[in-house]
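Single-letter residue listing:
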Amino acid sequence: MSEPDRRGAGSEGLDRFPVGRRAAHRPAPVADDGMSRAAGHGTRAGLATLAPLFLVSLAAVGFEIALARYFAVAQWSEYGYWVISIAMVGFALSGATMALGRDGFVRHGEFLRAVLPPLLVVAAAVGFHFVVTNPFNPLQLQNAATWVTQIWNIAGYYAALFPFFFLTGLYISLCFVLNSAEVGRVYGWDLLGAGAGSVTALGLMAVLNPFYLLPALLVPLALAALFVAPSWPRRWRIGVPVATLLALVAGEAVLLLGPGGHFNDFKAIFAPMNTPDARILAERRLPRGHYLLLDDFLERVDTDISNNAGMLGLPGPPASFGLYRDGNRIASLPKPGEFDVGYAPSALDALPYALRPGASVLMAGGSGGFRPMAALSLGAGAVRVLEPEPVLRDALLNGLATSPALPADERLRVSGESPLAAMLAGTRYGLIDISADFLDAGEVNATAFTAEAVKAAMGALEPGGILSIPVSIREFPVYAARVLATVRAGLLAAGIADPPSHVLAYRSAWSVRILASNRPWSAEDVAAMRRWAAERSFDISHHPGLDVAAERAHLFNDLPAMSFDTGQVASDGPRDALADEAAAILAGQPTATGEAFSLDPVTLDRPPFFAALYLSRAATLLERLEVLPQQEIGALINLAVLAQAFVIAGLVLLVPLLGGARLRGGAGVARPILYFAALGLGFLMIEIVAIERASLLLNDRTAGFALVLTGMLVFSGLGSMLAGGQEAAPGRALALCTAVVIAWGAALAFLAEPLLLRAMDLPWAVRATIVLVAVAPVSVALGMFFPLGLARVATLSGSFLPWAWGLNGAFSVVATPLANLMARELGLEAIVLTALLLYATAYLSFPAERVRRHAAAILQPDTP
């Protein structure tokens, strides 16, 4: 689910939100025997069937999204991948169960449809109660003495949530089995319900605390019980709604009166919230995150200043308010009164202002207003502040609670554009300055750290202008080396043949600033840099002609090299590990760091910033688990989920053997298996890449996620309904759908990026419309694949199609972590091309008529 969220991220709302189960590829089991016809399959499905299916689908998708939000707030967003895994385990095993006992389910189908809604309400409420009370602590996973206990706590999450997703899978599967004559229509309502679920969950995030999303979603589950069939016995028509109402009241009582969700003690917000006299001054509830403005004695402007500030007669950073999103600190906001930026000349990021006095500035990230005010105090001529984070932007323009807005000043301008859009707009600046907290303020902000952004900056700078890039070395110094490699790639792309002569790097004990210019640095610039840094006890890690050995003799801040393999720190005296390798990295030469870690440039095709670990060295990573940055843990979670997914897929493939089916010469079912498995993998891969590209265009991952998810579900539902009229010539319709998918995917892989970069300065509403228009044709085509496949195998035994449901669920589990790992290791284009290959495979494996007859002969239902 992205990602990526998210795709990361810290946990910025739906940033890095991993794409979960998508109803668009839930295969619809079809019955064809006399028993199924007797159950009413020849009648048209009415509101009593379609409305509760819509509501259950709505609640299931909403439940997934709400659970991922819960993990983002209470834990970290990468743990939302468990939601995908748990949900798909439930759906896969429900399909397997239906395949093994399908005849019994059909015989008792109407009774099960009646009792499942109240059971779903109970399962959802009890499951979330045990999620909230689970003592899981992710930091203890990185401790050899405590990780075993935490593994059992993870198993507790599975045990708590599995019943709900298993029962949901049974309910949806049963609706298809009992209405097999209208696969396309019923399937379309299922998809529309899933789309409505995503919209409902996102809407609820705007009004409810994220810890209370789940109680609200019990209501549509309960409403599903109100649509009783006229043919049901009177006692059912009265008893089912009453039982469901009682279940709803009990479930809400458990969730609202029992232990509530809370921030765990490892979240950044925990300590300040629990200091004496701490106060919450403001709260904002948005789909992108839960924002809290805190006033407590721990809050100060988070900036890196010189140890010599007192000797220079400069004050330290002032007290401030702290703004938190999902428990992670994203900015300092000023207290009432004038902005106190007297510390600015001693800050690490002040050097470019000394080198280019009076420059016009393009500033990425306002840091609550402190950064632009500091820039003006340092002599900037004019400052254009880019603040894509909406709550921070509103605080700059209008203030937040008692925190004041930026003062009116004709030299200041604030906008919500992305840095890439602003740099491509044609205006020239003397300085492009990225704030130190900009990366943490939103996952899409990582695009400012890509090679493409460096190239764009070189074109947006006046001759001799400066691009200033921050990198933290507080936890893992390797990211500074990776940014150097990214800067090199961007400079080469901009036509600069000698990157080392265009780069300066200097640092404190905690942070590095990398300065790149579109002209080589002059001797005067280097001399001014050295004087400025020496006055403030900052160290020089690179400038043209730097003598690294001589520099080591008077280091102010030791930065020793560490071997990741042995865990040993170099002990041969003061070191600057970055200076040791900076010139080689900028020249494209191999280094020891490059052998131990990935220094591949950050690009728009491979956007994860925190992706320096080689996953192929999993054993070493596990040995060094305690020192890994939290942001890198998500990749290891993906690996664990992927391994589990393969096990689940293997088990589901064995269902016919467990059920006693006679697999005489498996060619009869091999093509249907390949067909449905390819669709389960391919759809999610296309969806993940579409979300990434939409997030880039909109400069907002939450909006990109919501538009793509909702658009694809709705348009896929329409495609499913259209498929019902193509049963006479399914091969021709499938060929057309395949052509649409391949053409669309090729455009996404090879044309989308340059077109998106050109469209980034269009009004937001126009860009949002582009996203919806872009996903519409491929979604309609994708929505037709399942009904067309189901129509072709409609004369198979009823046991095969629930098995197909399980296969699709199992391979959907595989798809999400696999796609996220591919994005990290290979890039988005590789995911798109893989998806196109999968859909081509699906087309080629579309069951032929002779295969359909052969499969029917070898896969017979087990009837009493």
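In the block above lies the structure referred to throughout.
So, how was this worked out
- Residues numbered from 1 in each chain as written.
- Predicted model: local features only at pLDDT ≥ 70, side-chain atom pairs only at ≥ 80, totals over all residues.
- Heavy atoms only, no water.
- Helix = DSSP H or I, 4+ residues; strand = E, 2+ residues; numbered from the N terminus.
- Buried < 20%, exposed > 50% of the residue type's maximum accessible area, 1.4 Å probe, protein only.
- Areas by Shrake-Rupley, 256 points an atom, 1.4 Å probe, with all protein chains shown as cover.
- Salt bridge = Lys/Arg side-chain N within 4 Å of Asp/Glu carboxyl O.
- Core = buried A, V, L, I, M, F, W, Y, C linked by side-chain atoms within 4.5 Å.
- Polar contact = N/O pair within 3.5 Å; in protein donor to acceptor, adjacent residues only side chain to side chain.
- Lys, Arg positive; Asp, Glu negative; His and termini not counted.
- Contact = heavy atoms within 4.5 Å.
- Pairing = 2+ DSSP bridges.
- Axes fitted to C-alpha atoms, helices over the stretch in contact; angles between N-to-C directions.
- Parallel < 35°, antiparallel > 145°, perpendicular 65-115°, else oblique.
- Nonpolar A, V, L, I, M, F, W, Y, C, P; charged D, E, K, R; others polar.
- Expected span 1.5 Å × (residues − 1).
- Bend = angle between axes of the 7 residues up to and from the residue.
- Patch = residues over 30% accessible without salt bridge, like charges linked within 9 Å, V, L, I, M, F, W, Y side chains within 5 Å.
- Left-handed = near helix turned anticlockwise from the far one by under 90°.

**Student:** When you look at the overall build of the chain in this model, what are you seeing that I'm missing?
**Tutor:** When helices and strands are tallied, the chain shows 31 helices and 12 strands. Considering the chain as a whole, with its 864 residues, one finds that 62% of them fall into the buried category. Carbon and sulfur atoms form 63% of the exposed surface of the chain, whose accessible area is close to 29,900 Å².

**Student:** How should the pattern of salt bridges be read in this particular structure?
**Tutor:** This model, assessed by the stated rule, comprises 23 salt bridges. For R384, the salt bridge is made with E417, and the minimal N-O distance between the two is 1.9 Å. Of this pair, R384 sits in strand β6 (residues 382-386) while E417 sits in the loop between β7 (412-415) and α14 (419-423), placing them 33 residues apart in sequence. In this structure E417 comes out as partly exposed when scored by relative accessible area, which is 23%.

**Student:** Quick question: what am I supposed to make of the nonpolar core here?
**Tutor:** The nonpolar side chains of a soluble globular protein tend to be buried with one another. Judged by nonpolar contacts, the single largest core of 214 residues is most densely connected at W82, F165, I432, L467, V487, I514 and V741. Among the elements that take part in this core, helix α24 (residues 667-698) stands out by supplying 19 residues, more than any other.

**Student:** I'm lost on the side chain of R325 in this one. Help?
**Tutor:** In this fold, R325 is placed in strand β3 (residues 321-325). Using a relative accessible area of 1% as the deciding quantity, one classes R325 as buried. Side-chain polar atoms of R325 contact the side chain of E389, separated by 2.6 Å. A distance of 3.5 Å separates the side chain of R325 from the backbone oxygen of D440, its partner in a polar contact.

**Student:** Got a minute to help me understand the side chain of D304 in this structure?
**Tutor:** Here D304 shows up in the loop between β2 (289-295) and β3. No salt bridge is formed by the buried D304, whose closest oppositely charged neighbour, R474, lies at an N-O distance of 5.6 Å. Only 2.3 Å separates the side chain of D304 from the side chain of S508, close enough to count as a polar contact. A polar side-chain atom of D304 sits 3.1 Å from a polar atom in the side chain of S511. Sequence-distant contacts of D304, defined by excluding residues within four places in its chain, comprise S346, A347, L348, S508, W510 and S511.

**Student:** I tried to follow the pairing of β2 on my own but got confused; where do I start?
**Tutor:** On a regular strand, each side chain points to the face opposite its neighbour's, so the side chains alternate between the two faces of the sheet. Here β2 lies mainly inside the structure; 7 of its 7 residues are buried. Because side chains alternate across β2, one face comprises the buried residues G289, Y291, L293 and D295, and the other comprises H290, L292 and L294, equally buried. Where strand β1 (residues 279-286) hands over to β2, the hairpin turn is made up of 2 residues, counted between the paired strands.

**Student:** So what exactly am I meant to see when it comes to the packing of helix α2 (residues 47-74) against helix α5 (residues 109-132) here?
**Tutor:** Helix-helix packing is described using two parameters, namely the angle between the two axes and the distance between the axes. Packing of α2 against α5 brings their axes to within 12 Å, and their N-to-C directions diverge by 5°. Between α2 and α5, the interaxial angle falls into the category roughly parallel. In this structure, α2 contributes A48, T49, P52, V56, F63, L67 and Y70 to the contact, and α5 contributes R113, L120, A124, F128, V131 and V132. Partitioning the contact of α2 with α5 into residue classes produces 11 nonpolar, 1 polar and 1 charged.

**Student:** Help me understand helix α6 (residues 147-177) in this model?
**Tutor:** Every α-helix carries 3.6 residues per turn, so stepping three or four residues along brings you back to the same face. Helix length check: α6 (31 residues) gives 44 Å between terminal C-alpha atoms against 45 Å at 1.5 Å per residue, within 8%. Remark: the principal bend of α6, roughly 40°, maps to L161, with a proline, P163, within the next four residues.

**Student:** Quick question: what am I supposed to make of the sheet that holds strand β10 (residues 503-507) here?
**Tutor:** Two strands in a sheet stick together by hydrogen bonds in their backbones, pointing the same way (parallel) or opposite ways (antiparallel). Strand order in this open sheet of 8 strands is β7-β6-β5-β8-β9-β11-β10-β12, and the pairing throughout is mixed. Bordering the open sheet on either side are β7 and β12 (539-542), each of which pairs with just one other strand. Each neighbouring strand pair of the sheet contributes to a mean axis angle of 20°, computed without reference to strand direction. Two strands pair when backbone bridges link them, and β6 and β7 are joined in this way by 4 bridges, in the parallel orientation. Looking at β7, one finds that V383 is bridged to L412. Along the sheet face, helix α19 (residues 577-586) touches β10, β11 (511-517) and β12 and points at about 30° away from the line of β12.

**Student:** What should I look at first to understand unusual backbone geometry in this one?
**Tutor:** For residues that are not glycine, phi is negative in most cases, and the peptide bond is trans in most cases. The residue S367 is not glycine, and still its phi comes out positive at about 50°. Summarising the element assignment, S367 is placed in the loop between β5 (360-364) and α12 (370-377). Its identity is not glycine, yet S537 carries a phi of approximately 60°, on the positive side. Mapping S537 onto the fold places it in the loop between α17 (523-535) and β12.

**Student:** Can you help me understand a nonpolar patch on the surface in this one?
**Tutor:** On the surface, W147, V148, I151 and W152 cluster together into a nonpolar patch covering about 450 Å² of accessible area. Take I151: it is sitting in helix α6.

**Student:** So what exactly am I meant to see when it comes to the sheet that holds strand β4 (residues 328-333) here?
**Tutor:** Spatial ordering of the open sheet is given by β1-β2-β3-β4, a layout of 4 strands whose pairing is antiparallel. Since the sheet does not close on itself, it has two edges, and those belong to β1 and β4, each with one partner. Shown here is a sheet whose adjacent strand axes are inclined to one another by a mean of 20°, direction ignored. Two strands pair when backbone bridges link them, and β1 and β2 are joined in this way by 7 bridges, in the antiparallel orientation. Looking at the pairing, R279 lines up with D295 of β2.

**Student:** When you look at the environment of V121 in this model, what are you seeing that I'm missing?
**Tutor:** Along the chain, the position of V121 falls in helix α5. The spatial distance from the C-alpha of V121 to the C-alpha of T244 is 7.5 Å, given a sequence separation of 123 residues. The contacts of V121, once residues within four sequence positions are left out, are L218, L221, A222, T244, A247 and L248.

**Student:** Even after reading the chapter, I still don't get the packing of helix α16 (residues 478-493) against α19, so can you show me in this structure?
**Tutor:** Interhelical geometry of α16 versus α19 gives an angle of 20° and a closest axis separation of 9 Å. Judged on the interaxial angle alone, α19 and α16 are roughly parallel. As α16 packs across α19, the resulting crossing turns out to be right-handed. Facing α16, whose interface residues are A480, A481, L484, A485 and R488, α19 presents L578, A582, I585 and L586. When the residues that make up the contact of α16 with α19 are grouped by side-chain class, the tally is 8 nonpolar, no polar and 1 charged.

**Student:** For this particular structure, what's the right way to read the environment of G193?
**Tutor:** In this structure, G193 sits in helix α7 (residues 183-205). Its relative accessible area of 0% is what places G193 among the buried residues. Along the sequence, G193 and A59 sit 134 residues apart, while their C-alpha atoms lie 8.3 Å from each other. If near-sequence neighbours (up to four positions away) are discounted, G193 is found in contact with F54, S57 and L58.

**Student:** What exactly am I supposed to notice about α2 here?
**Tutor:** An ideal rise of 1.5 Å per residue puts 40 Å on 28 residues; α2 measures up with 39 Å between its terminal C-alpha atoms. Counting buried positions along α2 yields 26 of 28 residues, so the element is predominantly enclosed.

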